[in-house]
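# Coordinate analysis (summary)
Single-letter residue listing:
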Amino acid sequence: MTQSNTPLDDEQIRRLREDILDSIDEELEMSFEDGADENSSSLNEPGQVNRAVYFRELLRLQGELVKLQDWVVATRQRVVILFEGRDAAGKGGVIKRITQRLNPRVCKVAALPAPNDRERTQWYFQRYVAHLPAAGEIVLFDRSWYNRAGVERVMGFCNDDEYEEFFRTVPEFEKMLARSGITLIKYWFSITDDEQHARFLGRIHDPLKQWKLSPMDLESRRRWEDYTRAKETMIERTHIPEAPWWVVQAVDKKRARLNCIDHLLGHFNYHEIPHDQVQMPARVRNPDYIRHPVPDDMVVPEKY
C-alpha cells in the first residue's frame, strides 16, 4: 500500500484519474491492433463477450495477476507456462494481456527463433532450458519445445527418429521439471479452419499486420489437416498428470483471454502479500541550485 505525506489536492486527483484512463486506453489501443472497430456492432453480437464486461473483467483479472506475481516473488515459486496453437490462434494476444501490468523482471516471455546451425547440434531441450525460471520468476513460452511435435514434424524439419525420441524424452523432461519444484502449465489455443482463414485474410489486407505472416504461416494453411493430425498425436502422447494439456477455445479472442487468465490464476493458492506503507520523502531544496534551460535545438518538436 502506498500513501503520501499530504492529502491529494484536486490537481493531483485529476492527474491520477488521467493515469487510470491512460491505462485503459492502452488496452483499447491493443484492441484496435487486433482489428476491432470501436463502433463495430459485432463486438456485442450474441455469443461474444460485451465490450464493457470484457474491460471490467480484464482489469480485475490483471489486478489478480499482480497479486500472483507478488506471491510468486515472496514464496520463491518457479512457474513455466507454455502457449501453443495454430498460427493466428491468439497466443500472442493473451501473453500481452498477462504481461501488460506485470514486472518484466519477474514475468518474462521466451519467444525463441528458429535454431541456428550450432543449436541444431545441441541436445534438443538445451536452448529451452536456458530460459527456465529462477526462484521468484514466471516464464511464458510463446511456442516451446513442442515445435518438434508440430511445425518440425509437418514441415519435415526433423526425421522420424528425432520425432520418436522427442516423445520418449518429453514426458521425463517435464516430470523432471515438476520434481525440481517448477509449476508447468500447458495451453493449446484452438480455433476453427474458417476462423484461421478469416484471420489470415485480415493480416494479408492490413499493412500493419502483414509482418505477422511468414511463408511458413501461409504454408500452414495448406497443411491444415497435417497440423491437426500432429496436434492430436502430440496431446495424446504428452498429456501427463504432472503436466496436463489445457485447451482454450479461442475463436472469440476476448473470451479466450479472460478464460485463460482466470484458469491460470486458479492453478495457485496465492494470496495478497502485505507491503510496508510507502512514504513520499520530502524534496530537498538547495538555494544554490539552478536548473539550466535545455537548448532549443535539442527539444523534440511538439507536433501534437
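Before any of the text, the structure's been laid out above.
One structure accompanies this document, and this report is about it. (Residues numbered from 1 in each chain as written. Predicted model: local features only at pLDDT ≥ 70, side-chain atom pairs only at ≥ 80, totals over all residues. Heavy atoms only, no water.)

## Side note on helix α7 (residues 193-204)
Spelled out, the test is: Per the convention used, a helix needs a DSSP run of H or I reaching at least four residues, while a strand needs a run of E reaching at least two, with both numbered from the N terminus. An expected span of 1.5 Å times one less than the residue number is assigned to each helix. Relative accessible area decides the class of each residue, using a 1.4 Å probe on protein chains only: under 20% of the type maximum gives buried, over 50% gives exposed, and in between gives partly exposed. Directions pointing from the helix axis toward each C-beta atom define the arc. Should any heavy atoms of two residues lie within 4.5 Å, those residues are counted as being in contact.
With 12 residues, α7 extends 17 Å between its outermost C-alpha atoms, agreeing within 8% with the 16 Å of an ideal straight helix rising 1.5 Å per residue. Three or more residues of α7 are buried, namely Q196, R199, F200 and R203. Viewed along the axis of α7, the buried residues span an arc of 100°, placing them on a single side of the element. Buried residues in α7 make contact with α8 (215-222), α9 (224-238) and α10 (253-265).

## Looking at the sheet that holds strand β4 (residues 137-142)
Within a beta sheet, neighbouring strands are joined by backbone hydrogen bonds and run either parallel or antiparallel to one another. Rule in force here: Two strands make a pair as long as DSSP finds a minimum of two bridges between them. The axes used here are C-alpha line fits, helices contributing only the stretch in contact, and every angle between their N-to-C directions lies in the interval 0 to 180 degrees.
The parallel open sheet is built from five strands, whose spatial order is β3-β4-β2-β5-β6. Two strands bound the open sheet, and with one partner strand each, they are β3 (107-110) and β6 (245-249). Averaged over neighbouring strand pairs, the angle between their axes works out to 25° when direction is ignored. Bridge count between strand β5 (residues 182-190) and β6: five bridges; the pairing is parallel. What sits directly across from S190, in β6, is Q249. Along the sheet, helix α3 (residues 91-99) contacts β2 (78-85), β3, β4 and β5; its crossing angle with β2, the most-contacted strand, is approximately 155°. Together, β2, β5 and β6 form the strand contacts of α10, whose direction differs from that of β5 by roughly 160°.

## Some points on the packing of helix α6 (residues 160-179) against α9
Put simply, the rule is: In these notes the angle categories are as follows: under 35 degrees is roughly parallel, over 145 is roughly antiparallel, 65 to 115 is roughly perpendicular, and the rest is oblique. Here is the rule for handedness: rotate from the far helix to the near one, and if that takes an anticlockwise turn smaller than a right angle the crossing is left-handed, while a clockwise turn gives right-handed. Following the grouping adopted for this structure description, the nonpolar residues are Ala, Val, Leu, Ile, Met, Phe, Trp, Tyr, Cys and Pro, the charged ones are Asp, Glu, Lys and Arg, and the polar ones are all others, Gly among them.
With their axes 10 Å apart at the nearest point, α6 and α9 run at an angle of 40° to one another. Between α6 and α9, the crossing angle belongs to the class labelled oblique. Crossing hand, α6 versus α9: right-handed. The residues of α9 that touch α6, namely those facing Y163, E164, F167, V170, P171 and E174, are T233, M234, R237 and T238. Taken together, the residues that form the contact of α6 with α9 break down as five nonpolar, two polar and three charged.

## Brief notes about the environment of A110
Mapping A110 onto the fold places it in strand β3. Relative accessible area serves as the criterion here: at 3%, A110 is assigned to the buried category. For the pair A110 and V139, spaced 29 residues apart in sequence, the C-alpha separation works out to 6.9 Å. If we skip the residues at most four places from it in the chain, A110 touches H131, V139, L140, F141, D142 and R143.

## Some thoughts on the packing of aromatic side chains
Here is the rule we go by: Pairing of aromatic rings covers Phe, Tyr and Trp, the last through its six-membered ring, and needs centres within 6.5 Å; plane angles under 30 degrees mean stacked, over 60 mean edge-to-face, and all others mean tilted. Only lysine NZ and arginine CZ atoms are considered, and such an atom sits over a ring when it is within 6 Å of the ring centre and within 35 degrees of the ring normal.
Overall, the coordinates contain 20 aromatic pairs when judged by the stated rule. Judged by centre distance (5.9 Å) and plane angle (90°), the rings of Y124 and F166 are edge-to-face. Of this pair, Y124 sits in the loop between β3 and α4 (126-129) while F166 sits in helix α6, placing them 42 residues apart in sequence. The structure contains a cluster of three or more aromatic residues connected by ring pairs, namely W123, Y124, F125, Y128, F141, W145, Y146, Y163, F166, F167, F173 and W245. Its end group placed over the ring of W224, R86 keeps NZ or CZ at 3.5 Å from the ring centre.

## Examining the pattern of salt bridges
Definition in use: Salt bridges are defined as contacts in which a side-chain nitrogen from Lys or Arg sits within 4 Å of a carboxyl oxygen from Asp or Glu.
By the definition in use, this model includes 18 salt bridges. Residue E57 is joined to R60 by a salt bridge in which the shortest nitrogen-to-oxygen separation is 2.8 Å. Here E57 and its partner R60 are both found in helix α2 (residues 51-75), three residues apart, which amounts to about one turn of the helix. Looking at R60, the relative accessible area reads 42%, which means it is partly exposed.

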